[in-house]
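Summary of the model geometry
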Amino acid sequence: MEIIIESITNLAKQTFQLSLALLFFLSALFLAIKILIQIDRKFMDKKNHDSEAKDRPIQSHNDSKYTIKREREIIEIIATIKNTHDASASILIDGEWGVGKTSLINLVKEKLNSQNFIFVEINPWYFQNTNQVIKEIFSSINKRLNIRPRDIEPIINPITASLNAFGLNFPINLDNDSAFQDKINNFKNKIFLKLQRENKKLIIIFDDLDRNYEKVTVLTIFKLIKLYLNIKNVHNVVAYDGKSFARMFPELSFFTNDLINKVFNQVVKLGSTNCAPL
């Protein structure tokens, strides 16, 4: 009997010891998991913060030291716009995501923010297809310049059709369609005369082309600028990620570079800066 009682007692002690060991192990495991979760949360918070900071464009010269880093580019772009009289300037800002293309545009806008400049901003990212982008461009011009719809609406569909019909081919030969060419020239002349009378310049900004990887949209915007937005006192500023586009469509690399040389008077290449946010 005593042996049985002793065995039960020993078993109870062993069970208790095992329970304590298991409890200690589970407590240590829970603590380790908690620490790992906290470390991961801090890492993700920092990552998200860095990502948000990188993707959050600067709005003013007072926001960051970024202004000092990009002062040369700001001066060059503004000089091109201000010194181009009775002609059109097209400026390409080429850089990878996060280097500060939108920030640079905002700083240029701030410097030019006066009664002599009118801005139209287009972000192709918000539209489903190229046709919608084209329509938005001319509708925005119409609204900002207060041009009668009957002077601008009849050319939207023919322009869209002409760009779509020729696909990626460039240049486009429209000499055979004299009626269409007359409408385009009339449209350009109306805009030029209105800007001239009011002593203003129109700046059309295309942002976030690095987020739109529809090759037709990107290349159509380039051709649209060359053929139909090449208007006196109208200047086009485009933010574009050439490296990403080349990685996505390597077969178009030579064609795209040739098109850029034909379309843009000035190409501003942005490298990375040590400043954040960009």
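So, about the packing of helix H5 (residues 130-145) against helix H7 (residues 178-198). Packing of H5 against H7 leaves a shortest axis separation of 12 Å and a crossing angle of 30 degrees. In the packing of H5 onto H7, the handedness of the crossing is left-handed. Contact residues: H5 offers Phe 138, Ile 141 and Leu 145, while H7 offers Phe 187, Ile 191, Lys 194 and Leu 195. Among the residues making up the contact of H5 with H7, the classes are represented as six nonpolar, no polar and one charged.

This brings us to helix H10 (residues 253-263). Those residues of H10 not exposed but buried are Thr 256, Leu 259, Ile 260 and Val 263. Each buried residue of H10 sits inside an arc of 100 degrees when the element is viewed along its axis, so together they form one side. In H10, the exposed positions angled more than 90 degrees off the buried face are occupied by Phe 254 and Asn 261. Contact partners of the buried residues in H10: strand S1 (90-94), helix H8 (215-227), strand S4 (234-240), helix H9 (242-248) and strand S5 (266-269).

Take the pattern of salt bridges next. Going through the model one piece at a time under the given rule, you end up with eight salt bridges. A salt bridge links Arg 72 to Glu 76; the shortest N-O distance between them is 3.1 Å. Taken together, the positions of Arg 72 and Glu 76, both in helix H3 (residues 71-83) and four residues apart, correspond to about one turn of that helix. Among the ionic pairs, Glu 121 bridges to Lys 109, the shortest N-O distance being 2.5 Å. Pair noted here: Glu 121 is in strand S2 (residues 117-122) and Lys 109 is in helix H4 (residues 101-112), with a separation of 12 residues, a long-range link.

Here the focus is the environment of Asp 208. Tracing the chain through its elements places Asp 208 in the loop between strand S3 (201-206) and H8. Along the sequence, Asp 208 and Tyr 126 sit 82 residues apart, while their C-alpha atoms lie 9.8 Å from each other. Setting aside residues no more than four positions away along its own chain, Asp 208 makes contact with Thr 102, Asn 123 and Ala 239.

The phi torsion of most residues other than glycine is negative, and most of the peptide bonds are trans. Its identity is not glycine, yet Asp 86 carries a phi of approximately 50 degrees, on the positive side. Secondary-structure assignment places Asp 86 in the loop between H3 and S1. Located in the positive-phi region is Asn 233, a residue other than glycine, with phi close to 70 degrees. Relative to the elements of secondary structure, Asn 233 occurs in the loop between H8 and S4.

All told, the structure shown has one cavity of 30 Å³ or more when counted by the stated rule. Lining the largest cavity are Ile 77, Ile 81, Ile 93, Ile 105, Val 108, Lys 109, Leu 112, Phe 119, Ile 203, Ile 205 and Val 237. Of all the elements in the fold, those that place two or more residues in the lining of the largest cavity are H3, H4 and S3. In terms of residue count, H4 provides more of the lining of the largest cavity than any other element does, four residues in total.

Calculation criteria
- Residue positions are counted from 1 within each chain, in the order its sequence is given.
- Totals for whole chains, interfaces and linings use all residues, but because this is a predicted model, local features are given only for residues with pLDDT of at least 70 and pairs of side-chain atoms are given and counted only at 80 or more.
- The basis for the side-chain values is all heavy atoms of the structure; hydrogens and waters are excluded.
- As a rule, the C-alpha atoms of each element are fitted with a line to give its axis, helices using only the stretch in contact, and angles between N-to-C directions run from 0 to 180 degrees.
- In this description a helix means any DSSP run of H or I spanning at least four residues, a strand means any run of E spanning at least two, and both kinds are numbered starting from the N terminus.
- Handedness of each helix crossing follows the sense of rotation of the near helix against the far helix: counterclockwise by less than a right angle gives left-handed, clockwise gives right-handed.
- Any two residues whose heavy atoms approach within 4.5 Å are treated as being in contact.
- Amino acid classes used here: Ala, Val, Leu, Ile, Met, Phe, Trp, Tyr, Cys and Pro are nonpolar; Asp, Glu, Lys and Arg are charged; the rest, including Gly, are polar.
- For every residue, the accessible area obtained with a 1.4 Å probe (protein chains only) is divided by the maximum for its type, and the residue is called buried under 20%, exposed over 50%, and partly exposed between those limits.
- The directions considered for the arc run from the helix axis to the C-beta atoms.
- When a carboxyl oxygen of Asp or Glu is within 4 Å of a side-chain nitrogen of Lys or Arg, the pair counts as a salt bridge.
- Grid points spaced at 1 Å over the protein atoms alone were grouped into cavities, where a 1.4 Å probe fits but cannot get out, and pockets, open sets with protein on both sides within 12 Å along at least five of seven lines, with lining residues defined by an atom within 4 Å of a point.
- Grid points are joined across faces, edges and corners, and a volume is the space filled by probe spheres set on the points.

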